[in-house]
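Below are the chains, spelled out letter by letter.
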Amino acid sequence: MKINKIYLKNINSFKGEHRIDFTENPLGSAGLFAIVGPTGAGKSTLLDAITLALFNQIPRFDKKISKDFIASAGSILTKGERECAVEIEFSCKSGNFVSKWWIEINRNQNLNDYGMEITDLQTGQLLPLKKSEVPKRNEELIGLSYDQFIKSILLSQGEFAKFLKSGKDERGKLLEDITGTQIYRKLGKKAFEIAKEKGQALKDLRTNIDTEKRKLSTPEQEQVWLDRKTEIEKILLDLDAQLQAFKTKIELKNQILNFQKSITEKNERQAKEQQNLNDFENFEAKKLQIHEKAEPFQSQILQLESQQKALQNLQERLASEEKSLEENTNLLNRILTKIGDLTKEQNSLNLENALEILQNFREKLTQLENQRGAQEAAKKANETQIEEFINKISENSLRFDYRQITDTIIESIKNVGITHKATLDETYKLAQISALEEVQGKRELLAEEHRNYTALKQFVWEYVKISEDIKREQEQEKQQTAFITSQKPELEKVQVLIKGISEKIIQLEKEKETLGKSYNFEKDRQTLLKKDEPCPLCGSLEHPFLSHYANNYVEIDLKLSEAKKEEKLLNESFQNLNAKLASADVLLKNAIAKIATFNEQISSIKVKIEEKKQALKLEKVGGNTEIIDAQIKAIELQQNALNGIENKAEKLKDLQSLYRLCSATRILQSDYNLLVIKIKELYGGANFEKEYNDIQTWFVKTQANIQSSNKTIKELKDELLPKQKTFETDRVALESQVKLVGFEDLKSCQAAILSSENAKALRDKKQALLLAIQTLIEQIKEQQCELDKIQAKDDVSVALETLLAKQTETNTLQEQVRKEQVEISVNLATQNQTKEAIQRLQAQLQILEKDNLKWELLEKYIGSADGKKFATFAQGLTLSRLMALANRRLVDLSDRYLLDKPGEQDEDELMIVDQYMGNERRSVKTLSGGETFMISLSLALALSDLASKNIKLDSLFIDEGFGTLDPETLDLALNTLEKLQQEAQKNIGIISHVESIKERIATQIRLERNNRGFSQIIIK
């Protein structure tokens, strides 16, 4: 994975748009580059931008980024800006992609939710992803999770220094966090929990089996229950037969009682129905007779009622029309009064000319309204232009109510214009031009001069820097030459001493061997010699040679040991001195090579300086850049003046236009206000057209209503008179007829007439009473016959109460026997269920025991309540791997130290092996700051190798840590990083504020802050 480009917009101190392209020179060819700048300039922000665009996370904030977090923390979005964005273009196995993150403020001044997207550069298409899916997709494309990414590509030295000096438990936790191996702790804990759970399940199952076994009854008891069950079945059969016989006899006696009760009830109902029939004949039958006498006159009475209702309707309509005529006449008089009040023409107003007078008034008012509309449109158009000019000019002193222009406002516009013209003239003077047409040419000329002076300043700075580098390397060459010259004779002396002591050791070893042989011989011969007896060989009575040999052998052995110690010290001295000379020789050769390289660079820079001098027509340029800086500052002053001159000229033009527009608008506003007053004096209402239409409509409508009412009244009177005569004649004739049949008048005759429903109901009621009486007589006869048949079968010698008592006694006995039967059945069923349950539990126990075997083994070897057992084992393997990778990197930085794990006799801290001190092992806490950095850097690079696994990483950023190094160690560290860059072809960025880093690494991303606190990116 390789990061190709970074794009930022309004991120923290980076206001506006900023781009870094790692594929273009100088970054594209440099490989190793520095990201430098003062504290707070935004060096770490560049790394934040990478993880924000890819994963919506920032290492310094341990959480996902959201709009609420941005609003509360006041971070990421540049203060005062409405939107921000980050884009990262990267290459991976799957191709080239751009991952983008952005957020913005809406018109309600609240943050919208953030957005994320990925573009495939090969197709130019957006990947169809939700924003929440983008980080996961980037993980798949890159091959690294967020935690792996920040530990493989973004390396922080502080984290590894902390890891280096922590205790075992803390180191294990840090190692888990750094390498992401928390899974082993979880696995160990999970193995313990599952084994515990499975073990408890086995224990519970065995307890359940024991509990079930205790529930079983004895086999003897089970056989007793079976025998009693068979006996009860026979008893129940006898009881069922007895109960069936009782039931039959009881049912027969109950049937006799039911029939007797039913016959009694029907006799009572027959008597009641006969009484109802008698009551009907005495009362309701007479109403039916009178109805049948009056019924022939019913149609004539109804026709007479219809004529009476028609006369009432005509009379009501006549009264309504007369009332409507009166109301419309009053309404017309009120309308005439309103027209007179509106037009102020009361004296000459009448029904004939009212509408004409109203129309003339409307035309006069319409003409004035049209004039007002035209003037209002012109006034609003001017006011709109004035508002646009005010917003465009954006002058606090010109914030006024443009709807009421006064002389004071016009005067203030004039004064602002005069002041602005003076400012514009001063700007022309600063820019050293006399007209606006000269701006573009002047701008291009100044831009060219600024580029040349800036380049010249850079070349001079490089010249001075390389000159200082040459002096430093010449001093190094001098020091190493002097050291080699002074120490070579010492090395030769040590070589001579080593040669002499080696020859001495050889001689002493020969003497020791000779004495050893003689001593052994004499020792063997001593067994043949006896005190005060002559030697068989020489005849001497004294035997001193054995002690003589022994004393000489010990003396030679001591001399040999001292000689070997001296040889060891001389060899160590020789190795140390030889190593120092070899190191000095390497440093001398490096210094000579660097001096040659620097001389070539300074020759090239001299040529470039001469080219810029000719372009700028300069005769001499010193090593001090203050004069160049002053010239650049003078150019920038002119450029700043040019940058604002066009806007200022346009603003003056807008002020002049605003002055003319406000003067004209003031006259329009005055004329408009006078016309509005004139219209209000003529008509003070809210809506004349509605009022006019309402008056006209009601005037015409009311006149038409009056004419219609007069016509209708005449027609109703003509129709009413003949119908009244006809009605009276018919009424007298009918009344004479009803009196002849016995009715007093029409009213009594009409009252005697029943409705058809009531008459039918009376007839139906009489028929129903006759039918009910006949039906009951027949039913009583049938039931008496059935009763006689059943009584013939009944045994009258046994009473019903006796049968019921015997039945109850037998039922009680049956219930007792059945209860005993149920108890026995339950006991037997429970016994069988318990046996089956035990069999099932035992089968489950066998399966669980077999299944739990693997969990017992896992719990034994890796399980623990806190997961520490397996985590410690995994941490040991990971630490060993990390130590091996770190030592491989450490060889390039120093041949003195190796990292090692703590031994059984050591405390729980990491150890280092000092190869310069006879492979002495000691704690890493004894290291100096520079030594700690070198080992931390080795750990960081090793972890990058470990975390990335099989992913090829072509980008690497190292954040701080170089400030603790002395110049020699710093050069060694940078040489190692250059070697790593050349071997792996990585882009390596070093983030630092150390001045020697800036001098050592030529290619730089410089972050510079302006006087407003915002940063800009300069790549050199």
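Conventions we followed
- Residues numbered from 1 in each chain as written.
- Predicted model: local features only at pLDDT ≥ 70, side-chain atom pairs only at ≥ 80, totals over all residues.
- Heavy atoms only, no water.
- Helix = DSSP H or I, 4+ residues; strand = E, 2+ residues; numbered from the N terminus.
- Rg over C-alpha atoms; globule rule 2.2 N^0.38 Å.
- Buried < 20%, exposed > 50% of the residue type's maximum accessible area, 1.4 Å probe, protein only.
- Contact = heavy atoms within 4.5 Å.
- Areas by Shrake-Rupley, 256 points an atom, 1.4 Å probe, with all protein chains shown as cover.
- Lys, Arg positive; Asp, Glu negative; His and termini not counted.
- Charge placed at Lys NZ, Arg CZ, Asp CG, Glu CD.
- Pairing = 2+ DSSP bridges.
- Core = buried A, V, L, I, M, F, W, Y, C linked by side-chain atoms within 4.5 Å.
- Axes fitted to C-alpha atoms, helices over the stretch in contact; angles between N-to-C directions.
- Expected span 1.5 Å × (residues − 1).
- Salt bridge = Lys/Arg side-chain N within 4 Å of Asp/Glu carboxyl O.
- Parallel < 35°, antiparallel > 145°, perpendicular 65-115°, else oblique.
- Nonpolar A, V, L, I, M, F, W, Y, C, P; charged D, E, K, R; others polar.
- pLDDT = per-residue confidence, 0-100.
- Phe/Tyr/Trp six-rings, centres within 6.5 Å; stacked < 30°, edge-to-face > 60°.
- Lys NZ or Arg CZ within 6 Å of the ring centre and 35° of its normal.

**Section: the overall build of the protein chain**
Regarding its fold elements, the protein chain presents 24 helices and 17 strands. Computed over the C-alpha atoms, the radius of gyration of the protein chain is 62 Å, more than 25% above the 31 Å expected from 2.2 N^0.38 for a compact globule of 1020 residues. A principal-axis box enclosing the C-alpha atoms of the protein chain has dimensions of 200 × 130 × 45 Å. Within the protein chain, the proportion of its 1020 residues that are buried is 36%. A sequence separation of at least 24 residues applies to 73% of the contacts in the protein chain between residues at least 6 apart. Accessible area of the protein chain: about 61500 Å², with a carbon and sulfur share of 51%. Computing the positive centroid from 151 side-chain charges and the negative centroid from 160, the protein chain places the two 1 Å apart.

**Let's talk about the pairing of strand β2 (residues 14-21)**
For strand β1 (residues 2-11) and β2, the ladder comprises 6 bridges, and the chain directions are antiparallel. Bridging across to β2, Leu8 finds its partner in His18. Between β1 and β2, which pair antiparallel in sequence order, lie 2 residues; one of them, Asn12, sits at a positive phi of approximately 50°.

**Concerning the pairing of strand β12 (residues 911-914)**
Alternating positions in β12 separate into two faces, Met911 and Val913 on one and Ile912 and Asp914 on the other, with burial throughout. Note that strand β11 (residues 897-900) and β12 share 4 bridges and pair antiparallel. Of the residues in β12, the one forming a bridge with Asp900 is Met911. As paired elements, β12 and strand β13 (residues 920-923) share 4 bridges and run antiparallel to each other. Across the sheet, Val913 pairs through a bridge with Arg921, a residue of β13.

**Details of the environment of Gln275**
In this structure, Gln275 sits in helix α9 (residues 219-282). For Gln275 and Gln474, which are 199 residues apart along the polypeptide, the C-alpha to C-alpha distance reads 153 Å.

**A look at the nonpolar core**
In this structure, Trp101, Phe149 and Ile1005 are the most contacted members of the largest nonpolar core, which totals 52 residues. Membership of the second largest hydrophobic core comes to 40 residues, among which are Leu311, Leu318, Tyr692 and Phe699.

**Here we look at the environment of Glu327**
Considering the arrangement of structural elements, one finds Glu327 in helix α11 (residues 298-343). In this structure the C-alpha to C-alpha distance between Glu327 and Lys131, which are 196 residues apart in sequence, comes to 76 Å.

**What to know about the sheet that holds β1**
Across the sheet, which stays open at both edges, the 6 strands sit in the order β2-β1-β6-β7-β8-β9 with antiparallel pairing between neighbours. Looking at the sheet topology across the chains shown, the edges are occupied by β2 and β9 (125-126). Against the sheet, helix α2 (residues 43-55) touches β1, β2, β6 (83-92), β7 (95-104) and β8 (115-120), its axis set at about 80° to β6. Relative to β8, helix α4 (residues 134-142) is tilted by about 35°, and along the sheet it contacts β6, β7 and β8.

**With respect to helix α12 (residues 354-393)**
Residues three or four positions apart in an α-helix share a direction because the helix packs 3.6 residues into each turn. Given a rise of 1.5 Å per residue, 40 residues ought to cover 58 Å, and the 58 Å separating the end C-alpha atoms of α12 matches this to within 8%. Positive phi shows up at Ser394, right after α12, with a value of about 55°.

**Concerning the pattern of salt bridges**
Considering all chains together, one arrives at 44 salt bridges under this definition. Two residues, Arg206 and Glu849, come together in a salt bridge whose shortest N-O distance is 2.9 Å. Within this pair, whereas Arg206 is found in helix α8 (residues 182-215), its partner Glu849 is found in helix α20 (residues 800-861), the two being separated by 643 residues in sequence. Notably, a salt bridge pairs Asp585 with Lys589, separated by 3.3 Å at the nearest N-O pair. Placement of both Asp585 and Lys589 in helix α15 (residues 545-616) is noted, with a separation of 4 residues, approximately one turn of the helix. Overall, Asp585 belongs to the partly exposed group, its relative accessible area being 30%. Look at the salt bridges and you will find they share partners, linking Glu369, Arg372, Glu376 and Lys380 into a network.

**With respect to the packing of α2 against α4**
One can describe the packing of α2 onto α4 by two numbers: an axis separation of 7 Å at closest approach and a directional angle of 105°. In this view, α2 runs roughly perpendicular relative to α4, as classed from their interaxial angle. Counted together, Ala53, Leu54 and Phe55 of α2 and Val134, Pro135, Asn138, Glu139 and Ile142 of α4 form the full contact between these two elements. Across the contact of α2 with α4, the residue classes tally to 6 nonpolar, 1 polar and 1 charged.

**Re the confidence of the model for the protein chain**
A residue-level look at the protein chain finds 90% of positions with pLDDT of 70 or above and a mean pLDDT of 82. Segment residues 521-526: pLDDT under 50, and 7 contacts once partners within four positions in sequence are set aside and those in other chains are kept. Scored below 50 in pLDDT, residues 545-550 shows 11 contacts in the model against residues more than four places distant or in partner chains.

**Some thoughts on the packing of aromatic side chains**
Summed over the entire model, instances satisfying the criterion amount to 9 aromatic pairs. An angle of 75° between the planes, with centres 6.3 Å apart, marks the rings of Phe33 and Phe957 as edge-to-face. In this pair, Phe33 is assigned in strand β3 (residues 32-36) and Phe957 in strand β14 (residues 955-959), connecting sequence segments 924 residues apart. Its relative accessible area of 4% is what places Phe957 among the buried residues. A ring pair is formed by Tyr184 and Phe870, whose centres lie 5.6 Å apart and whose planes are at 85°; its orientation type is edge-to-face. Here Phe870 lies in helix α21 (residues 868-893) and Tyr184 lies in helix α8, a separation of 686 residues in the sequence. Each residue in the set Phe22, Phe33 and Phe957 is aromatic and connected to the rest through ring pairs, giving one cluster. Its end group placed over the ring of Trp102, Lys100 keeps NZ or CZ at 5.4 Å from the ring centre. Here the guanidinium or amino end of Lys131 rests over the ring plane of Tyr114, the centre of that ring lying 4.5 Å away.

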